[in-house]
Amino acid sequence: MNARTSALDALVFGIDIQSGDVRGDAPSYAVVAYDGENFDRDVVSFRKLRRLIEREEPAILATDNVYELATDRDDLVRFLRWLPDGTRLVQVTGAERPEPLSRVASRHGVPYGKKPMKEAEAAARLAAANVGHEVTAFTDTTTVKVSRGRSTGKGGWSQDRYTRRIHGNVKSRARDVESALDDANLEYEQDVTEKYGGYANAVFTVEAAPEDLPVSRERSGDTRIEIERERRDGIEFEPLVKRRDRVIVGIDPGTTTAAAVVSLDGEVLDVYSTRTADTAGVIEWLVERGRPVVVAADVDPMPETVEKFRRSFDADGWAPDSDLPVDEKLHRTREHTYDNDHQRDALAAALFAFDTYEDQFARITQKVPPQFDRGEVIDRVVTGDASVEAVLRDLTSDDESEEEESTHEPRELSPEERRIKRLERQVERLESQVDDLESTVQAKDERIAEFEEELSEARREERREARERREVNRLERETERLERELETERDRADELESKLERLKTLWKLDHSNFSDVSEGRDLVPVKVIEQFTRDAIDDAAAAYGLAAGDVVYLRDASGAGRSTAERLADTAPRIVLRDGNLSDVADEVLFDHDIPVAPASDVTVQEVDELAVARESEVVAAIDDWERRADERSREQKSEMVDQIISEHRAESGD
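This one's a predicted model, so the numbers in the text were calculated from it and none came from an experiment. (Residues numbered from 1 in each chain as written. Predicted model: local features only at pLDDT ≥ 70, side-chain atom pairs only at ≥ 80, totals over all residues. Heavy atoms only, no water.)

Draft legend 1. Quick look at helix 11 (residues 374-384). Within helix 11 the residues assigned to the buried category are Gly375, Val377, Ile378, Asp379, Val381 and Val382. Directly after helix 11, the chain includes Asp385, whose backbone phi takes a positive value near 55°. (Buried < 20%, exposed > 50% of the residue type's maximum accessible area, 1.4 Å probe, protein only. Helix = DSSP H or I, 4+ residues; strand = E, 2+ residues; numbered from the N terminus.)

Draft legend 2. Looking closely at the pattern of salt bridges. Inspection of every chain in the model, using the stated rule, returns 40 salt bridges. Residue Arg481 is joined to Glu478 by a salt bridge in which the shortest nitrogen-to-oxygen separation is 2.4 Å. Of this pair, Arg481 and Glu478 both sit in helix 13 (residues 415-510), separated by three residues, roughly a single helical turn. For Arg481, a relative accessible area of 32% puts it in the partly exposed group. (Salt bridge = Lys/Arg side-chain N within 4 Å of Asp/Glu carboxyl O.)

Draft legend 3. Local environment of the packing of aromatic side chains. Counted under the stated rule, the structure contains eight aromatic pairs. Taken together, a centroid distance of 5.9 Å and an interplanar angle of 45° make the contact between Tyr29 and Phe46 tilted. On the criterion of sequence distance, the pair formed by Tyr29 in strand 2 (residues 28-34) and Phe46 in helix 2 (residues 46-56) is long-range, its members being 17 residues apart. Since its relative accessible area comes to 0%, Tyr29 is described here as buried. When the centroid spacing of 5.7 Å and the interplanar angle of 20° are considered together, the rings of Tyr357 and Phe361 count as stacked. Remark: Phe361 and Tyr357 occur in helix 10 (residues 341-367); sequence separation between them is four residues, near one turn of the helix. Take Tyr357 and Phe361: they sit in the same class, and that class is buried. One aromatic cluster is present, built from ring pairs that chain together Tyr29, Phe46, Phe79 and Trp82. Over the ring of Trp82 we find Arg50, and its NZ or CZ is 4.2 Å from the ring centre. The ring of Phe591 has Arg633 lying over it, and the distance from NZ or CZ to the ring centre is 4.1 Å. (Phe/Tyr/Trp six-rings, centres within 6.5 Å; stacked < 30°, edge-to-face > 60°. Lys NZ or Arg CZ within 6 Å of the ring centre and 35° of its normal.)

Draft legend 4. Quick peek at the confidence of the model for the chain. Per-residue pLDDT for the chain has a mean of 83; in total, 87% of the residues score no lower than 70. In this model, residues 401-411 is a region of pLDDT below 50 whose contacts with residues beyond four sequence positions or in other chains number three contacts. Low confidence marks residues 509-519, where pLDDT is under 50. Its contacts with residues over four positions away, or in another chain, come to ten contacts. (pLDDT = per-residue confidence, 0-100. Contact = heavy atoms within 4.5 Å.)

Next up, the structure:
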């Protein structure tokens, strides 16, 4: 594609597969760019085609079969999601059951050739003339998500400030988006996830297509904006030009007049109710939505107002054998939406009428060749009480008359010539049917290939799962064996631990250093606390108990606060022997509770495992020494208090 192509307005790309297959070999595509006057042609790979679409952003991407661009429905959805916002994918040969491109081109007077480039050109011309169906998998609802553009991290000195800044920026950007949506008068719903300092994310569900939004995708610093269209339940084909197809109409007359429109396939197209519009207004609303074949009421006999509507459209009338019960109307309309009871009654009448005619419509459809309008045939059969064959003959005669008028032949055709023309038309119809059958066979072959691939994949998955099950069973057996060994080792460890405890007890009773304990000599037990913390105090209390009058040995006396010192003071020890210096707060708490404190070096402490003893005489001497120091400390405190009182008194007298 040259530079001129990129400047075209309302650009249409017609494409057709040139070689290869999108499901296997790397395909190449014939591409025709058409702006209504000029053509550019090229053959490109699939990757280059995507780059070309991204660069040129054509208004329409036209093809005779969308599955030349995607392997299956999911792949087609991904392709549609990837397309630029302003580009529509159009299948020019119809909806779910496409016609041959040659027939569509002939019907619309578009040049056609069997080579891929000619088919691509025909697709472009047809799409530019609004022929075909837009392929869509998304609704007009779009989700705009404002979220963090970077992770808040794992922590650090400035973690709180960093997280608060990111969440604050997300909140600020969300407010910008909200303001832009308000300025554009767009309807939306907002869902915010609040976090420390602002928002973690804000999700806006907007009733608009992405190209109509005042914001776009972006990622900048702390924030990012993601835009995603809401997906439909499946793939839908919407005609580029809405035709007035044949429909079934339900009417509920009264002070409030309601109408419902249902397609010949039973699809609910629209419902309506009004208290102000007259019959002409309701008829105008119906004309905009189709050509009524059947006008239905929900009561018997049909009201005169409904009969007027039927006569206005020259349609067939339907009424139930007896008035439809409310519960049946509720059940029949349960899967559809309506605003009031009047719309429900009109909708129920149309749906029950469709149920009555459904089998007849199906039989007519089976007999109608592809080149005829099914709706027109159904209309003539139902309203004219004619057979399908008679209607087809009339339509064929109309076509022949048009052909004869266009040729302007003055002479009448001979019986032989008429027979030849009739046979030629028959051949053309048969060829069209053959094309349809070949398309059906091709589609079935492709479907069979997909099923075979799915079957192969399922078999591979089953073999993989079987291997995993065998491996899991082996690991489970190994786990059970190891658990049995572990249980055996635990039992053995418990037995050895019990034996060790018994040996310790015997050793302690027999050891010479502690033999004088049992003889009542000058020894006192000492209870050791490893650190001056609440946890260490609790551990010692749990191990051998802490009671009033105990001699306590703090192996590390540093670092204790007021609550820890008070926890120890609550046990009312006889004396606290310490290694290391007490904090001022802890020293003051123990002093206030009259608990003696002495360096551990002043008393000889002998330890074996968790047992410890000290000489009673040394403990008494340490207590006496502390009491002397405590008296001096009390006198000093009193002296300082008196001096302070005198100073304060003098200061007041001086004032």
